[in-house]
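Here are the chains, one letter per residue:
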Amino acid sequence: MATWTKIQQPIEDGTIVPMQAPQIVSASRSTDIPAFYADWFFHRLKVGYSAWTNPFNGMKLYVSYRDTRFIVFWSKNPQPLLRHLDYLEELGIGCYIQYSLNDYEHEGLEKHVRPLQERIDTFKRLVDKLGKGHVIWRFDPLVLTDTIGMDDLLDKIKNIGNQLKGYTEKLVFSYADILAYKKVKANLDKNGVHYHEWQDDEMINFAQRLAELNKREGWNYRLATCGERLNPERGTALLKDKFGIEPNKCVDDELMIRFAYKDAKLMNFLKVKFHPLPQPDIFGNSEPLPKDAIILPNGTYATHGNNKDNGQRQFCGCIMSKDVGQYNTCVHGCEYCYANTTKELALQNWKQHLQNKFSDTITGK
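All of these numbers come straight from a predicted model, not from anything done at the bench.

Caption draft 1: Representation of helix α5 (residues 150–164) in the model. A rise of 1.5 Å per residue sets the reference length of α5, with its 15 residues, at 21 Å; its end C-alpha atoms lie 21 Å apart and thus fit the reference within 8%. Listed as buried for α5 are Met 150, Leu 153, Leu 154, Lys 156, Ile 157, Ile 160, Gly 161 and Leu 164. Buried residues in α5, looked at end-on, bunch into an arc of 160°, giving them a common side. Buried positions along α5 lie against α4 (116–130), β8 (135–142), β9 (144–145), β10 (170–175) and α7 (200–216). Just past α5, the residue Gly 166 takes up positive phi, approximately 90°.

Caption draft 2: Local environment of the nonpolar core. Membership of the largest hydrophobic core comes to 75 residues, with the highest contact counts inside it found for Phe 41, Phe 73, Trp 137, Ile 157 and Phe 206. It is α7 that contributes the most residues to this core, seven residues altogether. Among all residues touching Phe 206, those that are not within four sequence positions of it are Leu 142, Met 150, Leu 153, Leu 154, Ile 157, Tyr 175 and Trp 198. Counting 29 residues, the second largest nonpolar core, distinct from the first, contains Val 72, Ala 224, Leu 255 and Phe 269.

Caption draft 3: The arrangement of a nonpolar patch on the surface in detail. There is a patch of nonpolar side chains on the surface, built from Tyr 181, Tyr 327 and Tyr 338 and spanning about 280 Å² of accessible area. Following the sequence through the fold, Tyr 338 ends up in the loop between β17 (322–323) and α11 (343–355).

Caption draft 4: Representation of the environment of Arg 83 within the structure. One can find Arg 83 in the loop between β6 (70–75) and α3 (85–91). Each C-alpha atom, one on Arg 83 and one on Met 19, is 28 Å from the other, the two residues being 64 residues apart in sequence. At 3.2 Å, the side chain of Arg 83 forms a polar contact with the side chain of Asp 39.

Cut-offs applied
Residues numbered from 1 in each chain as written. Predicted model: local features only at pLDDT ≥ 70, side-chain atom pairs only at ≥ 80, totals over all residues. Heavy atoms only, no water. Helix = DSSP H or I, 4+ residues; strand = E, 2+ residues; numbered from the N terminus. Expected span 1.5 Å × (residues − 1). Buried < 20%, exposed > 50% of the residue type's maximum accessible area, 1.4 Å probe, protein only. Arc of directions from axis to C-beta. Contact = heavy atoms within 4.5 Å. Core = buried A, V, L, I, M, F, W, Y, C linked by side-chain atoms within 4.5 Å. Patch = residues over 30% accessible without salt bridge, like charges linked within 9 Å, V, L, I, M, F, W, Y side chains within 5 Å. Areas by Shrake-Rupley, 256 points an atom, 1.4 Å probe, with all protein chains shown as cover. Salt bridge = Lys/Arg side-chain N within 4 Å of Asp/Glu carboxyl O. Polar contact = N/O pair within 3.5 Å; in protein donor to acceptor, adjacent residues only side chain to side chain.

This is the structure:
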């Protein structure tokens, strides 16, 4: 597996420090950078580096953007990105957005996200700016409670899905895995949310109904699950073989190849090889393409090496990226949050950020 280049680079006071120089940046699984820290992130991109604090040992570590060629954004409100995307284009850095567009308005599970219709409008504006495929719809996580059943979740998905028709290629979903995450369980218990843990048969039943809804509504979205723990023999294989639902790669080399195949440095990092499309014979037949072939608009197709990030969860399909976020900094107030120990700590860090908005760290420390 590839590793990031280690370099020595000066920080703003002139001190030379060691930094990682990743080609692919994740912004971020740890917090909502687009919603709350977009100005900070793009300032740091201009400066050339940012820093984060290792939560296990408290050490300050540095990330250089010298070699960055692609950014994967994660957000529940990526609207602030709209004012920065032209700068990314100037730099020649590609991107796409993992957009968690859920609907828990009535139940109050996401207390401080923007109104649903505003978020749907933002989705469409981003697609108009970046192009179809660059904004990926996630309904993530799917939460079962005393007041939210499978029928309710499917109704919510149907409402959003109908409005996004023509604007997205894919729907990624995940089942709330509460007992596996101590923070999630503690936050739900503290806030009096009477949750239900998904069982394997419920997950399979929901996936079947979602696949039927996708077909019935004429969406034809690619359906994919994120990091699911379903028994491989009875669950995950069934979702793929019977319902066409695949395990997702949220940090996805195939998407990067589609969108940035002209970027020689990134393609070299992803171990991409280009091949001419086979020409049909006089009978109109041609050689079959490899299973992993990515057809490109320039008359070629691409294949790539194994870029999987083995440092992620067991069932995660993501390729290697460097996350530049920080836990305990997202103030959406989601009751099921896995990234905050408490809402109070996240709010404290957010207020500290506001006092030092362009520090090398998100928290201003």
